[in-house]
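Overview (structure and organization)
If you want the building blocks of each chain, they are given just below.
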Amino acid sequence: MRAASAGGLSERTAGYAWLILALMVSAHVSESLVRQGLPTLAPFFQPELGLSRTQVGLFMSAMFGGAVLTAIPAGWLVDRWGIRYGLACGLGLVGLSVILAASMQSFAHGLVLLTLTGIGHGSMNPATSRAVIVWFGARQRATAMGLKQTGIPLGGMVAAATLPALAVAFGWRVALVSAAVAMLVVTALVLLLCREAPRPAGGGAATLASLPALFRHRELWILNGTSLAVAALQTATVTYLTLYFYETRALSAVAAASFVVFANVGGVTGRVVCGIVSDRVFAGRRKPVAQMVLFSTAAGLVAMALAAPYLPLPLVALLSFALGFAVMSWTPLGMTLQGEIAGRDAVGAAVGLNSFMSNIGTLIGPPLFGAVVDATGSYQVAWLGMAPVALAVSLAVTLWLRGR
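None of the values given here were measured: they were computed from a predicted structure.

About the criteria used
Residues numbered from 1 in each chain as written. Predicted model: local features only at pLDDT ≥ 70, side-chain atom pairs only at ≥ 80, totals over all residues. Heavy atoms only, no water. Phe/Tyr/Trp six-rings, centres within 6.5 Å; stacked < 30°, edge-to-face > 60°. Helix = DSSP H or I, 4+ residues; strand = E, 2+ residues; numbered from the N terminus. Buried < 20%, exposed > 50% of the residue type's maximum accessible area, 1.4 Å probe, protein only. Core = buried A, V, L, I, M, F, W, Y, C linked by side-chain atoms within 4.5 Å. Contact = heavy atoms within 4.5 Å. pLDDT = per-residue confidence, 0-100. Salt bridge = Lys/Arg side-chain N within 4 Å of Asp/Glu carboxyl O.

Further remarks concern the packing of aromatic side chains. Counted by the stated rule, this structure contains 14 aromatic pairs. Geometrically, the ring pair formed by F45 and F59 is tilted, given 5.9 Å between the ring centres and 45 degrees between the ring planes. In this pair, F45 sits in helix α3 (residues 42-49) while F59 sits in helix α4 (residues 53-81), placing the two residues 14 residues apart along the sequence. For F45, a relative accessible area of 1% gives the class buried.

Right under this line is the structure:
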């Protein structure tokens, strides 16, 4: 008879957890290939469609807009119907919608088609986060969540490294369709391989099983508010980093997009490192690591405003890495806390609520950043305007989140 793992699962079942994790990473890679791929193509579609910088930001907002409506019900359904179908339906809908969006001919046309992708996005974080919470024990969870969330910057890195080059060779529409096809391939793999974890011996953890309980929980709202703010900062960063260096440093579109690659390499590194530090160094405590990454985000935004226009390009690459490390590391920590507070039976709904708030952040972050640049003619003002937001949520976590 096989011994039980730390999480209460057999060794064989615990080993399957790593295949599940690989599927979750692949899902986020394919999703991010589309979502972060779009802004790397902005230098190609912006002049063709006659868009302002604010309209470019609204395109990004549209890609998350449907998720504002669907995140909470999608999370609730994932808790009841399971990971496989919730995730596959979301991935498939996003992929098909992006294929349609590649035919856009105007701002209004693109806005409608890209909004459809947000509906599919609603189930993404609830399904993948539930997979981590139910398949991994408490001393592995932040590491697994961090590894899962590396899929987002990995996808962004692949997008920045490949899609502009594809657009130069074949056009931005072909580049966008290629990203959507990759997502549909991952959809098929999820349907074939994904399944739910068996319940550990002795039953699951205590749970906030009802939606009203989730809405009343004070600490969840601290996490939700922080996620909203960080999502706005993160999405604005990845949306405008290419245009920032394209316009202020007179670089080619491909060269400017390379700094998005460095930021996403930082994000991949940060999500893994911070998860390991939380699990191993702080023995499963999340708050100290969260405080560090939020404060570092504020410092990175100030440096991007004041130093990036003047630094040699190798140091700009290092700064992009550092900002990506900081601003992208909150998400897995926040989701781990969300799932641990809610408990196994309500993970999807809790993360759905958190995703609802995060998606509001993604809706407002890019167009606000773009509007500030359009109004002031200065990217520096926009970067500096985001730093106090990071400081504010760092203070909120410090003061109001209990020691976890």
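In terms of nonpolar packing, the biggest core is built from 61 residues, with F45, F59 and W135 touching the most fellow members. Looking at which element gives the most residues to this core, the answer is helix α1 (residues 11-35), with ten residues. Among all residues touching F59, those that are not within four sequence positions of it are L38, F45, L49, L51, M104, S106, F107, G110, L111 and L114. In terms of nonpolar packing, the next biggest core, distinct from the first, is built from 36 residues, L243, F245, A263 and A382 among them.

With 93% of its residues at a pLDDT of 70 or more, the chain has an overall mean of 86. Across the chain, helix α15 (residues 313-327) holds the top mean pLDDT of 95, while helix α11 (residues 211-216) sits lowest at 70. In the predicted structure, residues 1-8 sits below a pLDDT of 50 and forms twelve contacts with residues beyond four places in sequence or in another chain. Here residues 202-207 scores under 50 on pLDDT; set against residues more than four positions off or in separate chains, the count is nine contacts.

Taken as a whole, this structure holds nine salt bridges when the rule is applied. When the shortest N-O distance is used, the salt bridge between R35 and E31 registers 3.6 Å. Placement of both R35 and E31 in helix α1 is noted, with a separation of four residues, approximately one turn of the helix. Judged by relative accessible area, which is 3%, R35 ranks as buried. Residues R130 and E196 are paired through a salt bridge, measuring 3.6 Å at the closest nitrogen-oxygen approach. You can see R130 sitting in helix α7 (residues 124-135) and its partner E196 sitting in the loop between α10 (172-193) and α11, a full 66 residues away along the chain. Overall, the relative accessible area of 6% leaves R130 in the buried class. One network of salt bridges, with partners in common, ties together R141, D279, R286 and E340.

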